[in-house]
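# Architecture at a glance
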Amino acid sequence: MTEFPKRRILVVSHVAREDAIEAAMTVLQLLDDAGVTPVLEPATYRELLRLDRNRVPRTTISLGEDLAAHEVEIAIVLGGDGTILRAAEIVREAGVPILGVNLGHVGFLAESERDLLADAVGRALDRDYQVEERMTLDVRVTLGGETVYETWALNEASIEKASRERMLELVLEVDGQPLLSFGADGAIFSTPTGSTAYSFSAGGPIVWPTVEALLLVPISAHALFARPIVVGPSSTLAVEIVPRTGTPGVLWCDGRRTYDLTAGSRVTATRGGAPIRLARLHSAPFSKRLVEKFQLPTSGWRGPARA
């Protein structure tokens, strides 16, 4: 008789909120009842054991201690977009798909809502989902021609002023050609996925996730012609902090990873080499997600005109 390896599913949860903790306990039990091994990050595992040891199934194992990320089938993420971005850090290199269940406010990256938690887990157990790849950014910081920092982003990489009272003097560049220099609070490199996040708040366009493109959006620019730019996926975007002012900046990637930028720093963004894989339960168009997540008014719509 052939013995098949036991399935393992990672659960990534916000553990500072009561509803997320309750959701995590529920998912762990659903997985255990289905004969699937639940997997938790070490810190989350310890916290859930501390909160209620009796509700954590004995079959639960720890990621990185008992197995590697590539041995996980899928990651069920419980929380808002911030928790999904944290999960992306964990599973990106392993290519594990992420299924988000929104416990936050907007939850634009999530595929299900809290009242459909059991259904989402059931779909994951049945492998009843489609995987959609989202492009990322590879980000590099150089100073004096030397690379001093490298990272990546799913949503955006933002160059922001480090001092509230002083603007940054920036030069924007596309494919080696400088386009414009101006004072600003900063600039954002964004993916289509990130076009509904910080880039959107800064006045950038909404770009459908199926469009392969890179965005560059100035933040509070003191210039008449500093407008958002959308370029092809093979382009290279760059921002330099003009050294003559001596004003430092800070790089933020997905609001999670940060690096201090001295005057003269150059930040480059290109299409990422490793995409993020999102598990999708629904085939509705992206426009429907926009309407639902942003609660856009559509009253008066009568549908397409009949021929």
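Residues numbered from 1 in each chain as written. Predicted model: local features only at pLDDT ≥ 70, side-chain atom pairs only at ≥ 80, totals over all residues. Heavy atoms only, no water.

So, on to the packing of helix α1 (residues 18–33) against helix α2 (residues 42–52). Running from amino to carboxyl end, α1 crosses α2 at an angle of 95°, the nearest separation of the two axes being 11 Å. In terms of orientation, α1 lies roughly perpendicular with respect to α2. Across the interface between the two elements, I21, A24, M25 and L28 of α1 pack against L48, L51 and D52 of α2. Residue composition of the contact of α1 with α2, by class: 6 nonpolar, no polar and 1 charged. (Axes fitted to C-alpha atoms, helices over the stretch in contact; angles between N-to-C directions. Helix = DSSP H or I, 4+ residues; strand = E, 2+ residues; numbered from the N terminus. Parallel < 35°, antiparallel > 145°, perpendicular 65-115°, else oblique. Contact = heavy atoms within 4.5 Å. Nonpolar A, V, L, I, M, F, W, Y, C, P; charged D, E, K, R; others polar.)

Attention now goes to the packing of α1 against helix α4 (residues 117–125). At a closest axis distance of 11 Å, the pairing of α1 and α4 adopts a crossing angle of 35°. Like other packed secondary-structure pairs, α1 and α4 cross with a definite hand, here right-handed. Where α1 approaches α4, its residues A23, T26, V27, L30 and L31 are matched on the opposing element by L117, A118, V121 and L125. Its residues placed into classes, the contact of α1 with α4 shows 8 nonpolar, 1 polar and no charged. (Left-handed = near helix turned anticlockwise from the far one by under 90°.)

To continue, consider unusual backbone geometry. The phi dihedral of R127 falls on the positive side, at around 55°, and the residue is not glycine. You can see R127 is positioned in the loop between α4 and β7 (130–134). We classify R127 as partly exposed; its relative accessible area is 49%. One non-glycine residue, Q295, lies in the positive phi region at around 50°. Structurally, Q295 is set in the segment after α6 (286–294). (Buried < 20%, exposed > 50% of the residue type's maximum accessible area, 1.4 Å probe, protein only.)

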